[in-house]
Amino acid sequence: MTSRLLRASLGSPGYDDMRATLRAAGATAVAGDVRVACLPLFRADPSRQAVRVTGAPEGATVSVRDGDTLVDRAAAGTDLWVPEVDAPRTFTVAVEGIGEAELVVTPQRKWTVHVVHHSHLDIGYTDRQGVVLRNHLEYLDSALDLAAATDDWPDEARFRWTVESALPVRRWLDSRDAAAVDRFVGLARAGRVEVTAMPFQLHTEACSVEELHRMLRFTDDLRERHGIPVTSAMHTDVPGAVVGFVDALAAGGVRYLSAAHNWAGRSVPFLTGGQDLGRPFWWRSPAGERVLVWFTDTAHGMAYMEGNVVGLAESFAAASSLLPGYLWSLAHRPVPYRKEAFGWSGLDGVELHKPPYPHDVLHLRVQGGNADNAGPSIVPPSVVREWNATYAWPKLRMSTNSAFFEDAEERIGDAIPEHSGDWTDWWADGLGSGARPLGYARRAQHAVRHAETLHTLAGTPATSEVDAVYDKLGLFDEHTWGAANPWHDHEDGFDSGGLQWARKCEMAYSGADDAEDLRHAGAHRLGARFAAAGGALASYLVANLGPADRTDLAEVFLPASVVPLDQQVSIVDARTGSAVPHHEEAVRSEDWPTRPAGRRLSFVLAGVPAVGHARVDVVAGTGPAVAEELDGWQIENEYYRVSVDPREGTLTSVFDKRAGRELVNAAAYAGMNQYVHERYSTAPHVNHLSGHVEAPHGDLALLAGRSIGRRASLVRATRTAVGETLEVELDADGARWLRTTVTLTAGVARVDVTNRLYKEGAPAKESVFFAFPFAMPAPVAWELTGGVGGGDAPTVPGAAHHMTPIRHWVAFDDGEVTAAWATLHAPLVMFGDIYLPYAPFPPTIAPEPAEPGTVYSWAMNNIWDTNFPAQQQGETTFRYAIGSAAGASPRELGQAVAAGFTDAFVAVPSTGTGAAAPPDGRWATVDHPLVRVAAIGPSRRGHDLVVYLASAAGDPAAVSLTVPGMRAAFVGTSLERSLAPLSVSDGTATVTVPAGGFVAVAIDRARS
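What this report covers is the structure whose coordinates are included nearby. (Residues numbered from 1 in each chain as written. Predicted model: local features only at pLDDT ≥ 70, side-chain atom pairs only at ≥ 80, totals over all residues. Heavy atoms only, no water.)

Quick word on the overall build of the protein chain
Along the backbone of the protein chain there are 17 helices and 56 strands. Relative to the 2.2 N^0.38 estimate, which gives 30 Å for 1008 residues, the radius of gyration of the protein chain is 31 Å and therefore close to what a compact globule would have. Taking the principal axes of the C-alpha coordinates as reference, the protein chain spans close to 115 × 65 × 55 Å. Among the 1008 residues that make up the protein chain, the fraction classed as buried is 62%. (Helix = DSSP H or I, 4+ residues; strand = E, 2+ residues; numbered from the N terminus. Rg over C-alpha atoms; globule rule 2.2 N^0.38 Å. Buried < 20%, exposed > 50% of the residue type's maximum accessible area, 1.4 Å probe, protein only.)

Remarks on the environment of Leu 347
Within the element layout of this structure, Leu 347 appears in the loop between helix 11 (316–332) and strand 16 (361–366). Along the chain, Leu 347 and Pro 840 lie 493 residues apart, while their C-alpha atoms are 7.6 Å from each other.

Notes on the packing of aromatic side chains
Here the structure, examined in full by the defined rule, presents 39 aromatic pairs. Centre to centre, the rings of Trp 172 and Phe 184 are 5.3 Å apart; their planes meet at 40 degrees, and the pair counts as tilted. Of this pair, Trp 172 sits in helix 4 (residues 167–173) while Phe 184 sits in helix 5 (residues 178–189); the two residues are 12 residues apart in sequence, bridging distant segments of the chain. The pair Trp 172 / Phe 184 is uniform in exposure class, with both members buried. Geometrically, the ring pair formed by Phe 316 and Trp 387 is edge-to-face, given 6.2 Å between the ring centres and 75 degrees between the ring planes. Residue Phe 316 is found in helix 11, and its partner Trp 387 is found in helix 12 (residues 379–390); the two are separated by 71 residues along the sequence. Put simply, the rings of Trp 111, Tyr 256, Trp 294, Tyr 357, Phe 404 and Phe 405 pair up and form one aromatic cluster. The ring of Tyr 357 carries the charged tip of Arg 279 above its face, separated from the ring centre by 5.5 Å. Sitting above the plane of the Tyr 758 ring, Arg 736 keeps its charged end 4.1 Å from the centroid. (Phe/Tyr/Trp six-rings, centres within 6.5 Å; stacked < 30°, edge-to-face > 60°. Lys NZ or Arg CZ within 6 Å of the ring centre and 35° of its normal.)

Observations concerning unusual backbone geometry
Following Asp 45, the chain continues to Pro 46 via a peptide bond in cis, the omega torsion being -15 degrees. When you line up the elements, Pro 46 lands in the loop between strand 2 (34–43) and strand 3 (48–54). With omega at -5 degrees, the peptide bond leading from Arg 279 into Pro 280 counts as cis. Looking at the element boundaries, Pro 280 is found in the loop between strand 13 (256–261) and strand 14 (281–284). With phi around 55 degrees, Asp 45 is a residue other than glycine that occupies positive phi space. Tracing the chain through its elements places Asp 45 in the loop between strand 2 and strand 3. One non-glycine residue with positive phi stands out, namely Arg 711, at about 50 degrees. In this fold, Arg 711 is placed in strand 33 (residues 710–720).

Overview of the sheet that holds strand 56 (residues 998–1005)
The strand order across the open sheet formed by five strands is 49-50-56-52-53, and the pairing between neighbours is antiparallel. Only two strands of the sheet have a single partner each, and these edge strands are strand 49 (931–937) and strand 53 (980–982). The average undirected angle you get between the axes of adjacent strands in this sheet is 30 degrees. Two strands pair when backbone bridges link them, and strand 49 and strand 50 (residues 945–951) are joined in this way by six bridges, in the antiparallel orientation. Along strand 50, the bridge assignment pairs Arg 932 with Ala 950. Of the strands in this sheet, strand 49 and strand 50 touch helix 14 (residues 435–458), which is tilted by about 60 degrees from strand 49. (Pairing = 2+ DSSP bridges. Axes fitted to C-alpha atoms, helices over the stretch in contact; angles between N-to-C directions. Contact = heavy atoms within 4.5 Å.)

Focus: the pattern of salt bridges
Per the stated rule, a full pass over the model turns up 55 salt bridges. Its salt-bridge partner being Lys 110, residue Glu 84 comes within 3.1 Å of it at the nearest N-O pair. Placement of Glu 84 in the loop between strand 6 (80–83) and strand 7 (89–95) and of Lys 110 in the loop between strand 8 (99–105) and strand 9 (112–117) is noted, with a sequence separation of 26 residues between them. The partner of Asp 151 in a salt bridge is Arg 192, with the nearest N and O atoms 3.0 Å apart. (Salt bridge = Lys/Arg side-chain N within 4 Å of Asp/Glu carboxyl O.)

Some remarks on the sheet that holds strand 1 (residues 27–31)
Across the sheet, which stays open at both edges, the four strands sit in the order 1-2-3-6 with antiparallel pairing between neighbours. Taken across any chain shown, the strands that pair with only one partner, and hence form the sheet edges, are strand 1 and strand 6. Each adjacent strand pair in this sheet contributes to an overall mean axis angle of 35 degrees, direction not counted. Here four bridges tie strand 1 to strand 2, and the two strands are oriented antiparallel to one another. The residue bridging Ala 29 from the neighbouring strand is Arg 35, located in strand 2. Strands strand 2 and strand 3 of the sheet are contacted by helix 11, whose axis makes an angle of about 90 degrees with strand 2.

Re the side chain of Lys 765
Positionally, Lys 765 belongs in the loop between strand 36 (751–759) and strand 37 (766–773). The class of Lys 765 is buried, set by a relative accessible area of 1%. Engagement of the side chain of Lys 765 in a polar contact is seen with the backbone oxygen of Asn 862, the distance being 3.2 Å. In terms of polar contacts, Lys 765 uses its side chain to reach the side chain of Asp 865, at 3.3 Å. Discounting chain neighbours no more than four positions away, the residues touching Lys 765 are Glu 678, Arg 679, Tyr 680, Thr 682, Ala 683, Pro 684, Tyr 838, Asn 862, Ile 863, Trp 864 and Asp 865. (Polar contact = N/O pair within 3.5 Å; in protein donor to acceptor, adjacent residues only side chain to side chain.)

Fair warning: the whole summary comes from geometry, so function is off the table for now.
Structure (structure tokens):
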């Protein structure tokens, strides 16, 4: 008894209550505990349908009569069978020794159930990542064995396996002998095994659009190399996906998407329109692409455990007991389960208006066991074989993901509804639990596309190295961020939290280093093609790989081995021949022997062409401008005057000189860039506790405390040749120290704010916000992965509303002035209020008057109890930027403000021989302000290079693309599929880029 007691796991989901619901489905009382139900279960010869009696005493006889005619009699626990009816008909059911009652037998739906056997891949969670992946390779071996063992079974019962996540296939093909590979490929071509498109399950909102599309490379190669069809994808566990997911899937030739949303108590989609989301549905992107979606969620069977709940992984007896009640519930109720299902938290008392499921074809996922990472089993096909031998209907079929969709599309056709927009992920809040590695990964997403461009321009493509970086970033963005019990540090199993998080972080940190190494190498390889200008001590190309021509800060490193530190220099803009004021920071070997000796030269360079360069020359000269210390708590440049509060360290004023407008809402509850620390009264280190905790009716008792940064002290206020900077240090709960640096770069219409804090690790539940109250109405647009949200942009019904995971920018427009706010490291934001991070996520401030223009950057949290890190600590940086302009396009301004850190200028040192680089130049040009060159890379289809174009426009955009030397061009998907020729004249082609689209233009250049 003691051991049984200790096996009980607090908070772990169970099936008992859900199964009790199914056993009682459709039943009416006879007498006492005896109940009777008419269920969708049929036998043939002649066609008869089932009447199920439950609760009768063991050994009792039950019978059913049609008037005075005995129709069937059986012992208790055995179904009774009546002639199939085509209209309601009354029978009498009698239970020996209990009594009898009338039962109206109604026509029942004849179902076809596609049983899709798979394993949900958590790369971690149940064990260390390497163990999990090795196990999944063994699963593929077992899948081949089970397929062979059932080759002579009836076709509908033959073992079929759907590979939910393709990474194990990639590794399996590299590690198995040719005969096994041939067997696998043969089964895949025959439809017995299906490989779906995604390598693993992603937090898609953590991805850049480039990364999201790159994730489909492997299955695209698999299709071409082995002739394996890849037409579907699976999105499992994570409750939501970004709008750009549709375009990425479509680019990879994917037509179907099976989603299984695990609410885990942190999702309440029925409060945000989710009852209006039927299945299946077409999900359309702004670009016009669409995928056919089937989804399962908590209310339909604990997401991807739906088949396990109804006994398909257990036995024929269990399935016979449970599946008919499940089908009856689908046909007659809004959802089969409510509070008895794990993850229903926050929805008690919700009135359901969702219509019952209207179709007779069904997709049921099943795993070999009731756990993540469960392997394949002979049980599901065994159940299907016995079921079909016993019953005429429902018809069960071992199926694959795509086979279900093909059947459903043929049956339902034009009745399938369509939705568009972002399907915001309810679990995105977990990204804040790993703020530091997330920040590294987000920086790497930009460094790697710069690196690919620089290497391609240098003629030294780094395809495998770039792919390896994207693989690391993808593995970091994979949805399993930690162990089931992440606060433990064991070596194996659910408690290997320390090891799992170390491995996960390594993907971000090494990915960031590898990306930066590649960018550094690409710059040097490109620079080696050019010599320094005549008479110059050194020359540099200042490369602007961003979306528009711009004036911004540039920084180059001048080694002491090239120019001694005691020699004064000036920087000359090669386009004008004029000296550019600069600032120097010397690194001397005697002061810092572990760093390269030399000078970091900072200067502002005007009008650097987009996807191009301007050359600067370092010459003997007069040295840097003299730096000055400033008095007071105010800095300014040509565009802004910024004042900082000496007590709280917040920005009391950001005054736009050109517009004559204050950007800060001085009456707001929080100050501009105010640090906000929250504590919650939930206990730490309890598995899945947050999935069971609710804050009903706006109850804020879970908010245990809130504090702000205080006791500001001025660290420095300086003016240099490149602008003015003010740095403040504050005391802050939850942090050892907090330092805020505000910078106004000379000649640049942008306010840069950098917050660095040393986070103290704590298991107590907490969050960190930075507040940005703008004196503006609600945002009109914000950047998403593969699209733009805000304003009247649609969302899929049931998407999360209390928080928004963005890429980098948010834009406002009051009709006179446009403002933009941007973030580099922290993607999570809340608009207008801080919402309690427990379902149903009530507002905690409810400001009067409302503050629609306030952005709260949700920088850090540890509110999850499983899967995500239980605490975080150490120095972490958060960079933000603010900009404004009268009458500007919100989307253009958003891109421009973010470009200072997403596309910082890259210094390319000219170290070669021969001719110097021209004073300026463009490697590629587009003439639409909302279409950017995301990267230039090598072609995977034999062309000279590829230019990737990404659009932030709301409509299709016809753009002129100019690439020097271009003689032929072809436009296609991001994977260079479906390439269509373009007309090229004088190196220019007109390309139509879909709204929010991401396309590849493959280019052939003239041979020199």
